Amino acid sequence: MKITALIENRKSDNHSDLEVEHGLSLHIEYSSHNILFDTGCSEAFARNAEKLGVNLKLVDMAILSHHHYDHGGGLNFFLEHNDKSKVYLGKRPDGDALFKALGGMMEKYIGLDKTLFEKYTDRFLFINGLAEISHDIFVLTDICNKYPRPKGNSKLMVKTDSGLEPDRFEHEIIVVIKENGKLIVLTGCAHSGILNMVETVVRNFPDTPIKAVIGGFHLAGIPVESLLPETPEEIAAVASQMMKYPIEKVYTGHCTGMTAYEMLKEVMGDKLEYISTGTSIEL
């Protein structure tokens, strides 16, 4: 299996020619599949894909981790240029996803382009529960709440007819790929909490080792990355708990943020690596 970061917040040292943005997009070569996991927040992922030798027209399966623009903003471009791939995702939020800050003085829509669901009705497959969308490729939507969720979620709301309410992230999914008796786990942003996601995988796939966990952990401050919602002690506790799970390697980036990453790294050492735009992982 080969996983390539088409877009992430930072450039790889070996790919200074690539674009970066606040977003995430991964290309996965697995068995006979070409999988696109998220599309970043613009068409930049596609321009990078061309430079990296990834042909998006050959993608036969696209998956969105959740209904936020920084993971699905490039979806329109993908659907226009790939006419065959279905898009798997969790159920739509009950209202409009918003980022709310400055004591409520600022509200910004951060959801997906809603017109796409009308324009490409037959391309979307909404998952609810545990589904094996192809052989040994699973999507999980029911994420447990054993551990606290990221404090950064406090600025993320859903606007319904009844008003504003906290986003419960029932639209967030986990992707699990099984290969050679081990699991690769893709987390997107982990708004539900990275520990809750790992715990959910362990409950659904008992006694199965996890070869890698890949994705963001939503620990960075928004919009100022270095202003962390969690304390250093809380971040260290997340890292310590991660070390207790049967995980061989963890690759993170995007909404984890470099400040939190360095704190996690102090505890997790060589088990943790940062994945940047252009980085490829062979598993």
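Below: a short report on this structure. Each residue is numbered by its place in its chain's sequence as written, counting from 1. Reporting in this predicted model follows two pLDDT cut-offs: at least 70 for local features of residues, and 80 or more for side-chain atom pairs to be given and counted; totals over whole chains, interfaces and linings ignore these cut-offs and use all residues. Heavy atoms from the whole structure form the basis of all side-chain values; hydrogens and water molecules are not counted.

To continue, consider the pattern of salt bridges. Put simply, a salt bridge is a Lys or Arg side-chain nitrogen that is within 4 Å of an Asp or Glu carboxyl oxygen. Summed over all chains, the structure comprises 14 salt bridges. The closest approach of N and O atoms between Lys151 and Glu234, which form a salt bridge, is 2.9 Å. In this pair, Lys151 is assigned in the loop between strand E10 (137–140) and strand E11 (156–160) and Glu234 in helix H6 (residues 232–242), connecting sequence segments 83 residues apart. With its nearest N and O atoms 2.9 Å apart, the salt bridge here joins Lys249 to Glu273. Highlighted residues: Lys249 in strand E16 (residues 247–252) and Glu273 in strand E17 (residues 272–274), separated in sequence by 24 residues. What makes Lys249 buried here is its relative accessible area of 18%. Under the DSSP-based scheme used, a helix requires at least four consecutive residues in state H or I and a strand at least two consecutive residues in state E, with every element numbered from the N terminus. Classification of residues uses two cut-offs on accessible area relative to the type maximum, computed with a 1.4 Å probe and protein chains only: under 20% is buried, over 50% is exposed, and between them is partly exposed.

On to the packing of H6 against helix H7 (residues 258–268). Packing of H6 against H7 leaves a shortest axis separation of 9 Å and a crossing angle of 45°. Between H6 and H7, the crossing angle belongs to the class labelled oblique. With respect to the hand of their crossing, H6 and H7 are arranged in right-handed fashion. Along the contact surface, H6 presents Pro232, Ile235, Ala236, Ala239, Ser240 and Met242, while H7 presents Ala260, Met263, Leu264, Val267 and Met268. We call Asp, Glu, Lys and Arg charged. Ala, Val, Leu, Ile, Met, Phe, Trp, Tyr, Cys and Pro are nonpolar, and the rest, Gly among them, are polar. Its residues placed into classes, the contact of H6 with H7 shows ten nonpolar, one polar and no charged. To obtain an axis, a line is fitted to C-alpha atoms, over the contacting stretch when the element is a helix, and the angle between two such axes runs from 0 to 180 degrees between their N-to-C directions. Each angle is binned into one of four classes, with values under 35 degrees roughly parallel, values over 145 roughly antiparallel, values of 65 to 115 roughly perpendicular, and all other values oblique. Helix crossings are classified by the rotation of the near helix relative to the far one: an anticlockwise turn of less than a right angle makes the crossing left-handed, while a clockwise turn makes it right-handed. In what follows, residue pairs with any heavy atoms lying within 4.5 Å of each other are defined as contacts.

Next up on the list: the layout of surface pockets. By rolling a water-sized probe across the atoms, one finds the places where empty space is left. As defined here, a cavity is a set of points on a 1 Å grid over the protein atoms alone where a 1.4 Å probe fits but cannot get out. A pocket is an open set with protein on both sides within 12 Å along at least five of seven lines, and residues line them when an atom is within 4 Å of a point. Grid points are joined across faces, edges and corners, and a volume is the space filled by probe spheres set on the points. Of the volumes computed, that of the largest pocket is approximately 340 Å³. As for the largest pocket, its lining consists of 21 residues, of which His22, Tyr69, Asp70, Phe99 and Ile222 are closest to the centre. Mapped by element, the contributors of at least two residues to the lining of the largest pocket are helix H2 (69–72) and strand E7 (106–109). When its residues are assigned to classes, the lining of the largest pocket shows ten nonpolar, eight polar and three charged.

Here, the term nonpolar core denotes a set of buried Ala, Val, Leu, Ile, Met, Phe, Trp, Tyr and Cys residues that are joined through side-chain atoms within 4.5 Å. Residues Val176, Ile194 and Met242 are the most contacted members of the largest nonpolar core, which totals 33 residues. Considering every element that reaches this core, the biggest residue donor is helix H5 (residues 194–204), with five residues. Sequence-distant contacts of Val176, that is, excluding residues within four places in its chain, are made with Asp136, Ile137, Phe138, Leu140, Leu183, Ile184, Val185, Val201 and Phe205. Membership of the second largest hydrophobic core comes to 28 residues, among which are Ile35, Phe37, Ile214 and Ile275.

Another aspect to go through is empty space enclosed by the protein. Scanning the model with the defined rule gives one cavity of 30 Å³ or more in all. Roughly 130 Å³ of volume is contained in the largest cavity. Along the walls of the largest cavity sit 13 residues, with Pro93, Asp94, Asp167, Arg168 and Glu170 positioned nearest its centre. Among the elements of the structure, E11 and strand E12 (163–166) are those that each provide at least two residues to the lining of the largest cavity. When the residues that make up the lining of the largest cavity are grouped by side-chain class, the tally is four nonpolar, two polar and seven charged.

Turning next to the pairing of strand E14 (residues 182–188). Residues in a regular strand point their side chains to alternate faces of the sheet. Across the seven residues that make up E14, a large majority, six, are buried. In this scheme, strands are said to pair when DSSP sees at least two bridges between them. As paired elements, strand E13 (residues 174–179) and E14 share five bridges and run antiparallel to each other. Counterpart to Lys178 in the pairing with E14 is Leu183. Counted along the chain from E13 to the antiparallel partner E14, the turn is two residues long, and its residue Asn180 has a positive phi close to 55°. Across five bridges, the pairing between E14 and strand E15 (residues 210–215) is parallel. Residue pairing in the sheet places Leu186 in a bridge with Ile214 of E15. In the classification by handedness, the crossover that spans E14, the intervening H5 and the parallel E15 is right-handed. For crossovers, right-handed means that the path from the first strand over the helix to the second runs clockwise, given strands pointing away from the viewer.

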